[in-house]
Structures are given as C-alpha cells and as structure tokens.
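Tertiary structure, described
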Amino acid sequence: MQPVFPSSHPIVHHKIASLRDVRTGPAEFRALVRSLAVLLGHEACQDLPTRNTQVTTPLGPATAHVLSDVVGVVPVLRAGLGMADGLIDLIPQAEVWHIGLFRDETTLRPTEYYNKFPVRPRLTVAFVVDPMLATGGSAVRTCEILKAAGVPRLKLISLIAAPEGIARMAEAMPDVPIHVGVIDERLTEIGFIYPGLGDAGDRQFATSADPDEAAHHP
Ligand SMILES: O=P(O)(O)OC[C@H]1O[C@H](OP(=O)(O)OP(=O)(O)O)[C@H](O)[C@@H]1O
Ligand SMILES: O=c1cc[nH]c(=O)[nH]1
Ligand SMILES: [Mg+2]
C-alpha cells in the first residue's frame, strides 16, 4: 500500500473547518482552497531532491540548492484549478498540465473531456491536485493518463478523502503517495464524501443548483 499522509497541522485543520462550513461563500472558499494547497504542497515537497549551484550575492559567491526535478502541477478540472494556484505560488517554474474529467453522476465513473500537455513531456515529478478523493475513480484515471504520458513520479494532493478512495488508489496506484488534509468517515449512497464539504467545484465557482445552498451566501 502506498504511503498516505493525513496532515497533522493545526492550521490545515482550522482552515478545513471553515471550508466545510455551509455558510462559507465562493470567494472565501477559493481563498481557503488556495492556501490549503500551499500548506499541503509544502508537506508534499518535503522529499524533493536538490542539487548544488553557485550564485553571486552582493557580497560574493554562495553555494545554493535548487530543485533537481522538472516539476509539474496537474489540476483535475474543474475543482483542482483553485489548488493549482497554491502549488504555483510554491513552485512558480512548474509546468501546469490540465486534465478535464467529471464524474458521471449515475455511474460515478470519470468522463474525460480535455487534456493539455506537451507532446514530448520533460516532467520528472507531477503533483496531481484535486480537492476531493471520493470513489477514487477520477484520481486513478488521472494517474493512468500521466503514466501513459511518461511521467515517472506522481504524488496526489487532496483536501478531503474518503477511505474508499484511498483503498482504490492503494490497489490501482500503490506507487503514488497521497497527501491529504483529512480523511472523512465514508461515502454516502450517492458517492459524496460524508461529512465532506459538498461539491468542491460548485462551491468554488458558484454553480450550485440548489438555491437554498446559494441563499447561505448571497
Ligand atoms: O473520486 P471520485 O468519485 O472520482 O470523485 C472525485 C471527483 O469529483 C469532483 O469532480 P466533479 O466530477 O464534481 O467535477 P467538477 O470538478 O467539474 O465539479 C472532484 O473534484 C473529483 O475530481
Ligand atoms: O463529496 C464530494 C465527492 C465528489 N466530488 C465533490 O466535489 N464532493
Ligand atoms: Mg463537481
């Protein structure tokens, strides 16, 4: 089974409490997603290798350390987009590869609608970012696409995971570590994470179909 790293950081937990809250509107929700991505991204980068380099400071030469990897950030559209901004805050030189998938609401299977990445990939490590790991279908499909594109090392960063999604990743992608804010109780009968936060894409982009939910944050 792959390593799973639930965050133990109090700031992560504090921000996830606000993210879950039904009264949190889209602007605050987006800001929380971005800052949680920075915090979890920081944890996920802990073991990245560095190489020595020389730079000249105003006082003279210095040995410095820079990342050896060509890093990619892969948001799973739509909900992963807000997390990508946080990862790019951390690693501005990262290549950003977009993968468009949504979950069919009846079968819960991922449906692909968009991919954008270079024909001859140079990445040596990619961080897949998606706030929700529910059944795990979307994460597994994304990792399959990236492996087929030749990316040798993958990591998944999510904000909330269900035990079912973690088990699915462990079976299909045992070499992909998972960095996650929290692991929740279970999936509901319609495949939502419980207690979760609802639909992460709709809450970021203000597209909830439920007028009562929208009324909480006019
Ligand atoms: O683990 P799974 O069962 O596959 O579910 C998780 C997926 O569901 C959500 O996306 P959604 O399909 O709602 O698309 P969206 O981001 O466009 O809202 C979420 O952002 C994941 O991509
Ligand atoms: O709880 C869930 C499950 C899948 N996608 C979401 O946005 N939320
Ligand atoms: Mg959605």
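Looking up the protein in an unreviewed UniProt entry gives the name Uracil phosphoribosyltransferase, with the organism given as Paludisphaera borealis. In its Cofactor (unreviewed entry) section, the UniProt record describing the protein reads: "Mg(2+)". The protein has a UniProt comment under Catalytic activity (unreviewed entry) that states "UMP + diphosphate = 5-phospho-alpha-D-ribose 1-diphosphate + uracil".

Digging into the site of ligand 2
For ligand 2, the full set of nearby residues is Arg103, Met132, Ala134, Gly191, Phe192, Ile193, Gly198, Asp199 and Ala200. One of the backbone nitrogen or oxygen atoms of Gly198 is found 2.8 Å away from a nitrogen atom of ligand 2. Between an oxygen atom of ligand 2 and a main-chain N or O atom of Ala200, the distance comes to 2.8 Å. Within the complex, the protein chains bury 89% of what would otherwise be the 240 Å² of accessible surface of ligand 2. According to the grid-proximity analysis, the pocket containing ligand 2 is the largest pocket.

A look at the site of ligand 1
Around ligand 1 there are 15 residues in total, and Arg103, Asp130, Thr135, Gly136 and Ser138 lie nearest to it. Residue Ala79 places a main-chain N or O atom 2.9 Å away from an oxygen atom belonging to ligand 1. Arg103 is positioned such that a nitrogen or oxygen atom in its backbone is 2.7 Å from an oxygen atom of ligand 1. If ligand 1 stood free it would expose 500 Å²; the protein chains cover 90% of that surface. In a pocket analysis with a 2 Å cut-off to the grid points, ligand 1 is assigned to the largest pocket. When residues of the shell around ligand 1 are traced back to their parent elements, those giving at least two are β6 (98–103), β9 (132–133) and α4 (137–148). Counted by class, the shell around ligand 1 contains six nonpolar, five polar and four charged residues.

Analysis parameters
- Residues numbered from 1 in each chain as written.
- Chains lettered and ligands numbered in written order.
- Predicted model: local features only at pLDDT ≥ 70, side-chain atom pairs only at ≥ 80, totals over all residues.
- Heavy atoms only, no water.
- UniProt positions renumbered as here; feature names shortened; annotations may be inferred.
- Near = heavy atom within 4 Å.
- Polar contact = N/O pair within 3.5 Å; in protein donor to acceptor, adjacent residues only side chain to side chain.
- Areas by Shrake-Rupley, 256 points an atom, 1.4 Å probe, with all protein chains shown as cover.
- 1 Å grid on protein atoms, 1.4 Å probe; cavity = no way out; pocket = protein on both sides within 12 Å on 5 of 7 lines; lining within 4 Å.
- Sits in = over half its atoms within 2 Å of the grid points.
- Helix = DSSP H or I, 4+ residues; strand = E, 2+ residues; numbered from the N terminus.
- Nonpolar A, V, L, I, M, F, W, Y, C, P; charged D, E, K, R; others polar.

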